[in-house]
Amino acid sequence: MSKVEEKLAELGLTLPEVAAPVAAYVPAIRTGEYVFTSGQLPMVAGKLPVTGKVGAEVTPEEAKGLAQTCALNALAAIKSVIGDLDRVEQVVKVVGFVASAPDFTGQPGVVNGASELLGAALGEAGVHARSAVGVAVLPLDAPVEVELQVRVRD
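Structural notes, computed from the coordinates. Everything quoted here is computed from the prediction, not taken from an experiment. Every chain is numbered independently, its residues counted from 1 as its sequence is written. In keeping with the predicted nature of the model, local features appear solely for residues at pLDDT of at least 70, side-chain atom pairs appear and are counted solely at 80 or more, and the whole-chain, interface and lining totals rest on all residues. Side-chain numbers come from the whole structure's heavy atoms, not from hydrogens or water.

All right, on to the sheet that holds strand 3 (residues 88-99) then. Paired strands are those between which DSSP finds at least two bridges. By the criteria applied, helices consist of DSSP H or I runs no shorter than four residues and strands consist of E runs no shorter than two, each listed in order from the N terminus. Strand order in the open sheet formed by five strands is 1-2-5-3-4, and the pairing between neighbours is mixed. Two strands lie at the open edges of the sheet, namely strand 1 (28-31) and strand 4 (129-135), each paired on one side alone. Recorded for the sheet is a direction-independent mean angle of 15 degrees between the axes of neighbouring strands. Note that strand 3 and strand 5 (residues 144-152) share nine bridges and pair antiparallel. Note that in strand 5 the partner of lysine 93 across the bridge is glutamine 149. Pairs of residues are marked as contacts when any of their non-hydrogen atoms sit within 4.5 Å. Angular values range over 0 to 180 degrees, each being the angle between N-to-C directions of two axes fitted as lines to C-alpha atoms, with helices fitted over their stretch in contact. Against the sheet, helix 3 (residues 107-122) touches strand 3, strand 4 and strand 5, its axis set at about 150 degrees to strand 4.

By size, the foremost hydrophobic cluster in this structure holds 38 residues, and its most contacted members are Ile78, Val88, Val110, Leu122, Val144, Leu148 and Val150. Looking at this core element by element, the count peaks at 11 residues for helix 2 (residues 60-82). Residues enter a nonpolar core if they are buried and are Ala, Val, Leu, Ile, Met, Phe, Trp, Tyr or Cys, with the set joined through side-chain atoms within 4.5 Å. Accessible area is worked out with a 1.4 Å probe on protein chains only. A residue is then buried under 20% of its type maximum, exposed over 50%, and partly exposed in between.

The subject of this paragraph is the side chain of serine 100. Tracing the backbone shows serine 100 in the loop between strand 3 and helix 3. Here valine 98 takes part through its backbone oxygen, which lies 2.8 Å from a polar atom of the side chain of serine 100. Not counting residues within four places of it along the chain, the set of residues in contact with serine 100 comprises Lys53, Val54, Gln107, Gly134 and Val135. Whenever two N or O atoms come within 3.5 Å, that pair is a polar contact, provided that in protein one can donate a hydrogen and the other can accept it, and provided that, for residues adjacent in sequence, both atoms are side-chain atoms.

Next up on the list: the packing of helix 2 against helix 3. Here helix 2 crosses helix 3 at 45 degrees, and the two axes come no closer than 7 Å. Relative to helix 3, the element helix 2 is oriented oblique. Relative to helix 3, the crossing made by helix 2 is right-handed. Listed contacts from helix 3 to Pro60, Ala63, Lys64, Ala67, Gln68, Ala71, Leu72 and Leu75 of helix 2 are Gly109, Val110, Val111, Asn112, Gly113, Ala114, Glu116, Leu117, Leu118 and Leu122. Residues are grouped as follows: Ala, Val, Leu, Ile, Met, Phe, Trp, Tyr, Cys and Pro are nonpolar; Asp, Glu, Lys and Arg are charged; all remaining types, including Gly, are polar. Taken together, the residues of the contact of helix 2 with helix 3 break down into 12 nonpolar, four polar and two charged. If an angle is under 35 degrees, it is roughly parallel; if it is over 145, roughly antiparallel; if it lies from 65 to 115, roughly perpendicular; otherwise it is oblique. Handedness of each helix crossing follows the sense of rotation of the near helix against the far helix: counterclockwise by less than a right angle gives left-handed, clockwise gives right-handed.

And the structure:
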């Protein structure tokens, strides 16, 4: 088990199996020293635990937890490409999409669920640039979607 996975275990979390793609793409791909994940939905055991818009059917607190799940799924996708999460040198960029009710403006707080997890699990390597974007709808009516870009060492 990697140090990153040990840290996740200390946080009461386990790395899930890689979420199956819902369309024609791969969960993650490596090019040179970078790994890019596809957008990861908050799938748990192959299903979305909740659907709907944040600020309407989904509370911001629920959505923040879902963003954490998205980040866990992204880490699983990265591990599937590089084999060991301890090879992650830096999380370079996080992009979070939040399916938002028309008057909801708390997207940064929601995406903090992913950012805080990455910082807790990866320490300094988890510090990253980020975008938190409100959107009208996401695949499968998911409330949140997160993608990561990381730099890895050989």
